[in-house]
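# A closer look at the structure
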Amino acid sequence: MAIQGFLVVSLLFSCLAATSYGLTFSSLQESLIVTASPKHGQVLSAGEDNIVVTWSFNKSLAAGTDSSYKTVKFKLCYAPVSQQDRAWRKTEDHLNKDKTCQHNIVTKPYSSSNNTFTWTVERDVPTATYFIRAYAYNSADHEVAYGQTTDAHKTTNLFNVQAISGRHVSLDIASICFSAFSVVSLFGFFFLENRKAKMSQAK
C-alpha cells in the first residue's frame, strides 16, 4: 500500500513539474517585446547581412512578473510558409518536440529594458522565411516566458534568408577565364591550320 501511495505521489509530482516549468509553448506568458531590423518580406544573404534585435519587458504587465527571469535565449524560427510539407520543421506545443526554432542566435543575461544586439546571419542558415523568438529562462534553465517579432499567427514581420549557393566567386571567374581561353585557342588553331593550307597551295 505504501508503495502504491509513493507511486501516486511521484506521478503527481512529475505532472506538476511538467506544467510548472512551461514545457508547453501554450503555457508560457508572452511578456517580452522583441523587434528586429528587417522589413516584412526583406531578403537577407546568409553569411553577409546583419540583423539588429531589440527587446524589453512588457511594462503593461504587473511589476514582479519577470522576477524569475535570469537569461534570454534568442532563436531564428521558421515561418509557417517554410514549414509546409517539412515534418522536420513541424511546430509542436511541447517544447521538447517543437522544431519551429532550430537556429540559436545568442543567449543574454536578462535585463528588463534598453537591450540591443547585432547578429550576422550565419553561413549555414538555409533558404526560408523566418521570424525571431526570445525565450526567458529561470535559474533552473526552464522556459518561463517568451516574445517574438511576429504575431500569434506568425504572418507579420517575416523576412527571408537566401542561403549560400555553394559556389565561390573566384571559381566562377576562373571558369569564365578558362572558357574564354578555350575559345581563343580554338580560333588560333583553325587560323594556323588555314594558313598552313594556303602556304602549301602557294608552293
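Whatever comes next refers back to the structure up there.
Residues numbered from 1 in each chain as written. Predicted model: local features only at pLDDT ≥ 70, side-chain atom pairs only at ≥ 80, totals over all residues. Heavy atoms only, no water.

So, about the state of the cysteines. All told, the structure shown has 1 disulfide when counted by the stated rule. The partner cysteine of Cys77 in its disulfide is Cys101, sulfur to sulfur 2.0 Å. Judged by the sign of its S-S torsion, about 105°, the cystine formed by Cys77 and Cys101 is right-handed. Of the two residues, Cys77 sits in strand E5 (residues 71-78) while Cys101 sits in the loop between E5 and strand E6 (103-109), which places them 24 residues apart along the sequence. Cys101 carries the same exposure label as Cys77, and that label is buried. (Disulfide = S-S within 2.5 Å. Helix = DSSP H or I, 4+ residues; strand = E, 2+ residues; numbered from the N terminus. Buried < 20%, exposed > 50% of the residue type's maximum accessible area, 1.4 Å probe, protein only.)

Although it is not a glycine, Asp85 sits at a positive phi angle of roughly 60°. Note on Asp85: relative accessible area 80%, which makes it exposed. Of note, Asn114 is a non-glycine position whose phi angle comes to about 55°, a positive value. Here Asn114 lies in the loop between E6 and strand E7 (115-120). Asn114 sits in the exposed class, given a relative accessible area of 78%.

The next subject is the pattern of salt bridges. Enumeration over the complete set of coordinates arrives at 2 salt bridges. One salt bridge connects Asp141 with Lys73, and the closest N-O pair in it is separated by 3.3 Å. One end of the pair, Asp141, is in the loop between strand E8 (128-137) and strand E9 (143-148); the other, Lys73, is in strand E5, and 68 residues separate them in sequence. Glu92 serves as the salt-bridge partner of Lys90, at 3.7 Å between the closest nitrogen and oxygen. Taking relative accessible area as the criterion, Lys90 reaches 46% and is therefore assigned partly exposed. Its relative accessible area of 29% is what places Glu92 among the partly exposed residues. (Salt bridge = Lys/Arg side-chain N within 4 Å of Asp/Glu carboxyl O.)

Nothing here speaks to function; it is all geometry.
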